[in-house]
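Notes for the structure review
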Amino acid sequence: MSPFIASTILLTAEDIQRRIVELAREIERDHPGDVEIHLVCVLKGGFMFLADLIRRMQARLTIDFIATSSYAKGTTSSGEVRLLKDLDTALEGRHVVIVEDIVDTGLTLMYLQDILRARAPRTLRTACLLSKPERRQVDVMIDYIGFTIEDKFVVGYGLDFDQQFRNLPYIAILGES
Ligand code: 5GP
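Residues numbered from 1 in each chain as written. Predicted model: local features only at pLDDT ≥ 70, side-chain atom pairs only at ≥ 80, totals over all residues. Heavy atoms only, no water.

Of regular secondary structure, the protein chain possesses three helices and nine strands. Order of helices (α) and strands (β) in the protein chain, N terminus to C terminus: β-α-β-α-β-β-β-α-β-β-β-β. C-alpha atoms of the protein chain, sized along the principal axes, occupy 50 × 35 × 25 Å. Per-residue burial for the protein chain yields a buried fraction of 44% across its 177 residues. Residue pairs at least 24 apart in sequence account for 68% of intrachain contacts in the protein chain once pairs closer than 6 positions are excluded. If you sum the accessible surface of the protein chain, you get close to 9200 Å²; carbon and sulfur atoms cover 50% of it. (Helix = DSSP H or I, 4+ residues; strand = E, 2+ residues; numbered from the N terminus. Buried < 20%, exposed > 50% of the residue type's maximum accessible area, 1.4 Å probe, protein only. Contact = heavy atoms within 4.5 Å. Areas by Shrake-Rupley, 256 points an atom, 1.4 Å probe, with all protein chains shown as cover.)

Printed below as a string of structure tokens:
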């Protein structure tokens, strides 16, 4: 048995769902007319956020998935980012929104923005559910932030620790039992 537990609830399922409605509205407001929005979900942590976000959107949209290396069985970043799974379709001329679970040091997002920008999308924006600004190592641009949180390792709502806890409908601080 793992000695780790999701100890303190930081954001309830209701907090998250309420904020996602607002984020969906903000994203649609920034893409007026009949433009198609192409959402690029960063696996694995972003899958639940993407699923709830797109169900709150009425715009024409498409989705794709990309995966980068995550922390190896720990709670601190190695600072090295690698592409594990690339997109299925090209981005040229499209209105792209990166959908990310959490921005911590910012290194992953900076890397993703750089490689995706090089594929010549018409616009490139980023939505992240959580941001930990205290931990930032690079000045990365985020267009939509769900919640700004303090420097605590969190799990739930797609976010894992050692592949566990992704199924929680809320976000909690990881603690020891
Ligand atoms: P960054 O490159 O910004 O340091 O880290 C981004 C990635 O690290 C996130 O996509 C996520 O996978 C992981 N990460 C950063 N902070 C946390 C956290 O508090 N909890 C979990 N579960 N993952 C985190």
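Now, onward.
Turning next to the sheet that holds strand 8 (residues 154-155). Through backbone hydrogen bonds, the strands of a sheet pair up, either in parallel or in antiparallel fashion. Spatially, the three strands line up as an open sheet ordered 1-9-8, and their pairing is antiparallel. Each edge of the open sheet is held by one strand with a lone partner, namely strand 1 (4-11) and strand 8. When strand 1 meets strand 9 (residues 171-176), the two strands line up antiparallel, connected through six bridges. Bridging across to strand 9, F4 finds its partner in E176. (Pairing = 2+ DSSP bridges.)

Turning next to the site of the ligand. The immediate surroundings of the ligand are formed by 16 residues, with D104, T105, T108, V154 and D160 found nearest. A distance of 3.4 Å separates an oxygen atom of the ligand from a polar atom in the side chain of E100. Here an oxygen atom of the ligand and a backbone polar atom of D104 are 2.8 Å apart. When the free accessible area of the ligand is taken as 500 Å², the share hidden by the protein chains comes to 93%. (Near = heavy atom within 4 Å. Polar contact = N/O pair within 3.5 Å; in protein donor to acceptor, adjacent residues only side chain to side chain.)

On to the pairing of strand 2 (residues 37-43). On a regular strand, each side chain points to the face opposite its neighbour's, so the side chains alternate between the two faces of the sheet. Counting buried positions along strand 2 yields six of seven residues, so the element is predominantly enclosed. Pairing of strand 2 with strand 3 (residues 61-68), which is carried by seven bridges, proceeds in the parallel orientation. Within the sheet, the bridge partner assigned to V40 lies in strand 3 and is D64. For the crossover that starts at strand 2, traverses helix 2 (residues 47-55) and ends in the parallel strand 3, the hand is right-handed. Bridge analysis of strand 2 against strand 5 (residues 95-103) gives five bridges, and the strand direction is parallel. (Right-handed = clockwise from strand over helix to strand, strands pointing away.)

Attention shifts here to helix 3 (residues 107-117). Among the residues of helix 3, L109, L112, Q113 and L116 are the ones counted as buried. An end-on view of helix 3 places all buried positions within 100 degrees of arc, on one side of the element. (Arc of directions from axis to C-beta.)

We now examine the pattern of salt bridges. Side chains that carry opposite charge are capable of pairing whenever their charged atoms lie near each other. For the coordinates displayed, the defined rule picks out 14 salt bridges. Ionic pairing is found between E150 and K152, a salt bridge with its closest N-O pair at 3.3 Å. What makes K152 partly exposed here is its relative accessible area of 33%. It is possible to trace a salt-bridge network through shared partners that takes in D104, K132, R135 and D151. (Salt bridge = Lys/Arg side-chain N within 4 Å of Asp/Glu carboxyl O.)

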